[in-house]
Amino acid sequence: MPLIQFSLDVLNNPEALSFKFSVIDFDVREGIVKINVTTSYRGRITLKDFKIVVMNKTLDFGDLRPGSDVSRILSVSMRDVKRLLSKGLTLEFSINGLYYVTITLPGGKYSE
């Protein structure tokens, strides 16, 4: 039943699971950009061990409970910021600890 409930939540509400990436700091001297990654979850089933894998880096968000907003910091080199925009990302989690899910989302095209 949790798999069906999660599927219905996502199908009925495209905003049930959303992400926001925002630059919070950059150090020109060090060549590092810090990006705040916020995951918002509005489904009804707990997503356990939620992770986002981007550019060979894993951000561990722990358990996403209904109504949660969780943020993590991603540090990347300034030269990799463009690659970040074009690379895809992978979501890994389990639905209520029962069904393990891996979703790969394609990256977008970047133009200067």
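In this text, all values refer to a predicted model and were calculated from it rather than measured experimentally.

Novice: Tell me what's going on with the pattern of salt bridges, and back it up with residues and numbers.
Specialist: Close approach of charged atoms allows side chains of opposite charge to pair. Within the structure shown, the criterion is met by four salt bridges. Arg65 is the salt-bridge partner of Asp63, the closest N and O atoms lying 3.8 Å from each other. Of the residues examined, Arg65 reaches a relative accessible area of 46% and is grouped as partly exposed.

Novice: Talk me through the environment of Gly88; I want residue IDs and the actual numbers.
Specialist: Here Gly88 lies in the loop between helix 2 (81-86) and strand 6 (89-95). Separated by 35 residues in the primary sequence, Gly88 and Val53 place their C-alpha atoms 9.0 Å from one another. Those residues in contact with Gly88, other than ones at most four positions away along the chain, are Val54, Leu105, Pro106 and Gly107.

Novice: Outline the sheet that holds strand 2 (residues 32-41), listing residues and values.
Specialist: Taken together, three strands build an open sheet; the order of strands is 1-2-5 and the sheet is antiparallel. The open sheet has two edge strands, strand 1 (17-27) and strand 5 (68-77), and neither has a second partner. The sheet shows a mean angle of 20 degrees between the axes of neighbouring strands, direction not considered. Bridge count between strand 2 and strand 5: 10 bridges; the pairing is antiparallel. Each residue of the ladder has a partner; that of Ile35, found in strand 5, is Leu74.

Novice: Report on the sheet that holds strand 3 (residues 47-54), specifying residues and quantitative values.
Specialist: Sheet strands pair by backbone hydrogen bonding; their relative direction is either parallel or antiparallel. Spatial strand order, 4-3-6-7: four strands in an open sheet with antiparallel pairing. At either end of the open sheet lies a strand with only one pairing partner, and these are strand 4 (57-64) and strand 7 (99-105). Strand-to-strand twist in this sheet, taken as the mean axis angle between neighbours without regard to direction, amounts to 15 degrees. Pairing between strand 3 and strand 6: six bridges, direction antiparallel. Looking at strand 6, one finds that Val54 is bridged to Leu89. Its contacts with the sheet put helix 1 (residues 2-12) on strand 3, strand 6 and strand 7, and the angle it makes with strand 6 is roughly 135 degrees.

Each value, and the rule that gives it
- Residues numbered from 1 in each chain as written.
- Predicted model: local features only at pLDDT ≥ 70, side-chain atom pairs only at ≥ 80, totals over all residues.
- Heavy atoms only, no water.
- Salt bridge = Lys/Arg side-chain N within 4 Å of Asp/Glu carboxyl O.
- Buried < 20%, exposed > 50% of the residue type's maximum accessible area, 1.4 Å probe, protein only.
- Helix = DSSP H or I, 4+ residues; strand = E, 2+ residues; numbered from the N terminus.
- Contact = heavy atoms within 4.5 Å.
- Pairing = 2+ DSSP bridges.
- Axes fitted to C-alpha atoms, helices over the stretch in contact; angles between N-to-C directions.

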